[in-house]
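# Descriptive structure summary
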Amino acid sequence: MIIPLNNDWSERLEKELTAPYMSELLAWLEQKYKTATVYPKREHIFNALLYTSFEQTKVVILGQDPYHGPHQAQGLSFSVQKEMKLPPSLRNIYKELEADIGCSIPDHGSLVSWAKQGVLLLNTVLTVEEGNPNSHQGIGWERFTDSIIAALNDREKPVVFILWGKYAQSKASHIAADKHYIIESPHPSPFAARKGFFGSKPFSRTNMFLERIGSEPIDWCLPMLSELDE
């Protein structure tokens, strides 16, 4: 399996990409694609890094692993392919987006518009088997995505890290809070959203920080399906 990184992540992650564990992971994964249904498609595994370069990254929204239902995952945390029904967590993200900064709730679940503006939509595990959440934890993806967080942590220009839920928040120990801006709240899932996700204002808080450091704010309002140019 070829890793199709064609931007500045390729150099930043060269040590990890050429490490023995990565070769073993990709060989194992190639076999899995032949014997099981794995999401996302091979060509979408590294979409977060393809849509959002290292230098372009302003914000990281950290997820756990891809959606495990048919045709949902597209390699971007919390995002689904545009023709799919909105998952419950994403529906709650849209509710908070509307309450926080007044954006209309879009008629699709693709967050590509955010990724193109510098929002790195990173899952800590990049693949999953159909109907089996967390099935690819512990095979090496965590080491790889931890190296992505480490590279951004070492960067001189600050990054906003949005950590929803306990799993994402466990990565906070890898982030220098005195340099970067960390936004933590409960997960947007229906089980936790009313325990502090709603009302946490992550979108306006992110833009206030970006403006403070002289960066362009994110246009969080997503285009409607008829306006998408993907």
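Read on for a plain summary of the structure. None of the values given here were measured: they were computed from a predicted structure.

### Observations concerning the sheet that holds strand β6 (residues 181-185)
- Here four strands make up an open sheet; going across it, the order is β3-β2-β5-β6 and the pairing parallel. Every other strand in the sheet has two partners, leaving β3 (119-123) and β6 as the edge strands with one partner each. Pairs of neighbouring strands in the sheet enclose a mean axial angle of 20°, with direction left out of account.
- Alignment of strand β2 (residues 59-63) against strand β5 (residues 160-164), held across four bridges, turns out to be parallel. Each residue of the ladder has a partner; that of Ile61, found in β5, is Ile162.
- Here helix α7 (residues 141-154) sits on the sheet in contact with β2, β3 and β5, set at roughly 150° to β3.

### Describing the layout of surface pockets
- Roughly 510 Å³ of volume is contained in the largest pocket.
- When contributions to the lining of the largest pocket are tallied by element, the ones reaching two or more residues are β2, α5 (88-101) and α8 (165-169).
- By residue number, the principal contributor to the lining of the largest pocket is α8, which donates four residues.
- Split by residue class, the lining of the largest pocket holds 14 nonpolar, 14 polar and two charged.

### Topic: the pairing of β2
- For β2, the buried fraction is high: five of the five residues fall into the buried class.
- By the alternation rule, side chains of β2 split into Val59, Ile61 and Gly63 and Val60 and Leu62, which are all buried.
- By the bridge criterion, five bridges tie β2 to β3 in an arrangement that is parallel. Residue pairing in the sheet places Ile61 in a bridge with Leu121 of β3.

### Considering the pattern of salt bridges
- Going through the model one piece at a time under the given rule, you end up with five salt bridges.
- Its salt-bridge partner being Glu55, residue Arg12 comes within 3.9 Å of it at the nearest N-O pair. Highlighted residues: Arg12 in helix α1 (residues 9-12) and Glu55 in the loop between α4 (47-51) and β2, separated in sequence by 43 residues.
- With a relative accessible area of 52%, Glu55 lands in the exposed category.
- A salt bridge links Arg42 to Glu30; the shortest N-O distance between them is 2.9 Å. Within this pair, whereas Arg42 is found in the loop between β1 (38-39) and α4, its partner Glu30 is found in helix α3 (residues 20-35), the two being separated by twelve residues in sequence.

### A few points about the state of the cysteines
- On inspection of all chains with the given rule, the structure shows one disulfide.
- Each disulfide pairs two cysteine sulfurs, and for Cys103 the partner residue is Cys221, the sulfurs being separated by 2.0 Å. Taking the sign of the S-S torsion, -80° for the link of Cys103 and Cys221, the bridge is left-handed. Here the residue Cys103 occupies a position in the loop between α5 and α6 (112-116), and Cys221 occupies one in the segment after α9 (202-212), the gap between them amounting to 118 residues.
- By relative accessible area, which is 1% here, Cys103 ends up buried.
- On the basis of relative accessibility, which here comes to 35%, the residue Cys221 falls in the partly exposed class.

### Here we look at the pairing of β5
- With five of five residues buried, β5 lies mostly within the body of the structure.
- With five bridges joining them, β5 and β6 adopt parallel strand pairing. Across the sheet, Phe161 pairs through a bridge with Ile182, a residue of β6.

What counts as what
Residues numbered from 1 in each chain as written. Predicted model: local features only at pLDDT ≥ 70, side-chain atom pairs only at ≥ 80, totals over all residues. Heavy atoms only, no water. Pairing = 2+ DSSP bridges. Helix = DSSP H or I, 4+ residues; strand = E, 2+ residues; numbered from the N terminus. Axes fitted to C-alpha atoms, helices over the stretch in contact; angles between N-to-C directions. Contact = heavy atoms within 4.5 Å. 1 Å grid on protein atoms, 1.4 Å probe; cavity = no way out; pocket = protein on both sides within 12 Å on 5 of 7 lines; lining within 4 Å. Points joined across faces, edges and corners; volume = space filled by probe spheres on them. Nonpolar A, V, L, I, M, F, W, Y, C, P; charged D, E, K, R; others polar. Buried < 20%, exposed > 50% of the residue type's maximum accessible area, 1.4 Å probe, protein only. Salt bridge = Lys/Arg side-chain N within 4 Å of Asp/Glu carboxyl O. Disulfide = S-S within 2.5 Å.

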